[in-house]
Amino acid sequence: MDIFEGLKEQIQGKGIKIVFPEGTDLRVLGAAIRLSAEGLLEPIVIGNEVEVKEIANTRGLRTSGLTLIDPETYPEFDEMVAAFVERRKGKVTDDQARTILKDPNYFGTMLTYMDKADGMVSGAIHSTGDTVRPALQIIKTKPGISRTSGAFLMVRGRDEEKYIFSDCAINVNPNAQELAEIAVASAKTAEMFGIDPKVAMLSFSTKGSAKSEEVTKVEEATKIAQSLAPEYEIDGELQFDAAYVASVGQQKAPDSKVAGHATVFVFPEIQSGNIGYKIAQRFGNFEAIGPILQGLNKPVSDLSRGCNEEEVYKLSIITAGQSLMD
Ligand SMILES: CC(C)(COP(=O)(O)OP(=O)(O)OC[C@H]1O[C@@H](n2cnc3c(N)ncnc32)[C@H](O)[C@@H]1OP(=O)(O)O)[C@@H](O)C(=O)NCCC(=O)NCCS
Ligand SMILES: CC(=O)OP(=O)(O)O
């Protein structure tokens, strides 16, 4: 059974509510309507009701399975303002909160925080910063996790090849401790998709073949990650070929249990991570599902603006699946 079929079985009929702040985007609307029609989710779509219905109509779609909410006319807006001011204690006034909460991403994040939704999917028309900042400020990370990070599930073929790439989305230049936490969170994400995590801490050097501050950071992160989670196979620093190709792994890192067999690829900083996943997606024909935000108290997922409707559909299923976990 492919991973999505398994996740669909888990979420089907559970009444999981996912909020979609970008109700005027046809890819998002199409996916939300399909998810509702298949009984997988109860989508909450943010936007002006008339506008959303007109947009759906351009493709002959019906919005009857959706809950449409317009921040401008939301009857519980005052309650939301009070909860936001309380959460951001000392950082926003009541007046500022009224303006900020008209932003659909802040509004959708607050619905999630206030348990009126189980998770949120956005980012088809908003940048990553604008999509995730509300979640970082309001939903925040789970105890013991200092940084959230963005992983991609990379799939090629019918589920035969699947890997986790991270952090491709959030932390611009994580330090060794943060990189170690990202590695452990990514191993956990891999397990959610039935991937046996063998975590490669990527670099341009393999086991000391080059010396630089950047390499030292990855070496240190590897040691920290190994001590944080001895139950996982985590190794580094490894070049991508040493991590992925068995013969090269054997040549460059013969004692490593990860080299040549990696399933989770942890990039040293966001530039290589974001460029790397897009190359695999566009040259390598991998489907890239994500970024899946790891370590938040409730699931919020950020789409790439280049996403298609199928990717919105699949990321929503993952987000609903995350909502059933601790
Ligand atoms: C994610 C990002 C927007 C956060 O940066 P920012 O808006 O400048 O955030 P700030 O540093 O002002 O912090 C805002 C809040 O988020 C928290 N925060 C920031 N980064 C965080 C992280 N990775 N994990 C958890 N919390 C985080 C801060 O602690 C702060 O909380 P507080 O207001 O309660 O004190 C920024 O790191 C970023 O732009 N990353 C790159 C995104 C991107 O363009 N990716 C490429 C496409 S996917
Ligand atoms: C994840 C990502 O790169 O998002 P975007 O393409 O929207 O910048």
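Residue positions are counted from 1 within each chain, in the order its sequence is given. Chain labels run from A onward and ligand labels from 1 onward, assigned in the order the entries are written. Totals for whole chains, interfaces and linings use every residue, but because this is a predicted model, local features are given only for residues with pLDDT of at least 70 and side-chain atom pairs only at 80 or more, for both listing and counting. Hydrogens and water molecules were not included; the side-chain quantities draw on all heavy atoms of the structure.

Counted only if it meets this: UniProt positions are given in the numbering used here, feature names are shortened, and annotations may be inferred rather than shown by experiment.
By the naming in an unreviewed UniProt entry, the protein goes by Phosphate acetyltransferase and is assigned to Vagococcus allomyrinae. The annotation that UniProt attaches to the protein under Catalytic activity (unreviewed entry) is "acetyl-CoA + phosphate = acetyl phosphate + CoA". Regarding the protein, the UniProt comment filed under Sequence similarities (unreviewed entry) reads as follows: "Belongs to the phosphate acetyltransferase and butyryltransferase family."

## Here's the deal with the site of ligand 2
Note the threshold: Working definition: residue near molecule or strand if any one of its non-hydrogen atoms lies within 4 Å of it. Polar contacts, as counted here, are pairs of nitrogen or oxygen atoms within 3.5 Å of one another; within protein the pair requires one atom able to donate a hydrogen and one able to accept it, and residues that are adjacent in sequence qualify only if both atoms are side-chain atoms. Here, Shrake-Rupley sampling with a 1.4 Å probe gives the accessible areas, and only protein chains in the shown set may cover a residue. Secondary structure is summarised from DSSP: a helix means a run of H or I of at least four residues, a strand means a run of E of at least two, and numbering begins at the N terminus for each. Polar here means any residue outside two lists: the nonpolar Ala, Val, Leu, Ile, Met, Phe, Trp, Tyr, Cys and Pro, and the charged Asp, Glu, Lys and Arg; Gly therefore counts as polar.
Near ligand 2 you find T128, F152, N274, Y277, K278, P291, S304 and R305, and these make up its full shell. Interatomic distance of 3.0 Å between a side-chain N/O atom of N274 and an oxygen atom of ligand 2. Separating an oxygen atom of ligand 2 from a side-chain N or O atom of R305 is a distance of 2.8 Å. Protein coverage of the free-state accessible area of ligand 2, which is 260 Å², stands at 86%. A per-element tally of the shell around ligand 2 places helix α12 (residues 270-282) first, with three residues. Its residues placed into classes, the shell around ligand 2 shows three nonpolar, three polar and two charged.

## Section: the site of ligand 1
Near ligand 1 there are 18 residues, and of these R88, R133, K140, T148 and A169 occur at the shortest range. Between ligand 1 and T148 there is a distance of 2.9 Å, counted from a nitrogen atom to a backbone nitrogen or oxygen. The separation between a nitrogen atom of ligand 1 and a polar main-chain atom of A169 is 2.8 Å. The fraction of the free accessible surface of ligand 1 (940 Å²) that becomes covered by protein chains is 63%. Put simply, the parts of the chain that give the shell around ligand 1 at least two residues each are α7 (128-139) and α12. Each residue belonging to the shell around ligand 1 can be placed in one class, and the counts come to five nonpolar, eight polar and five charged.

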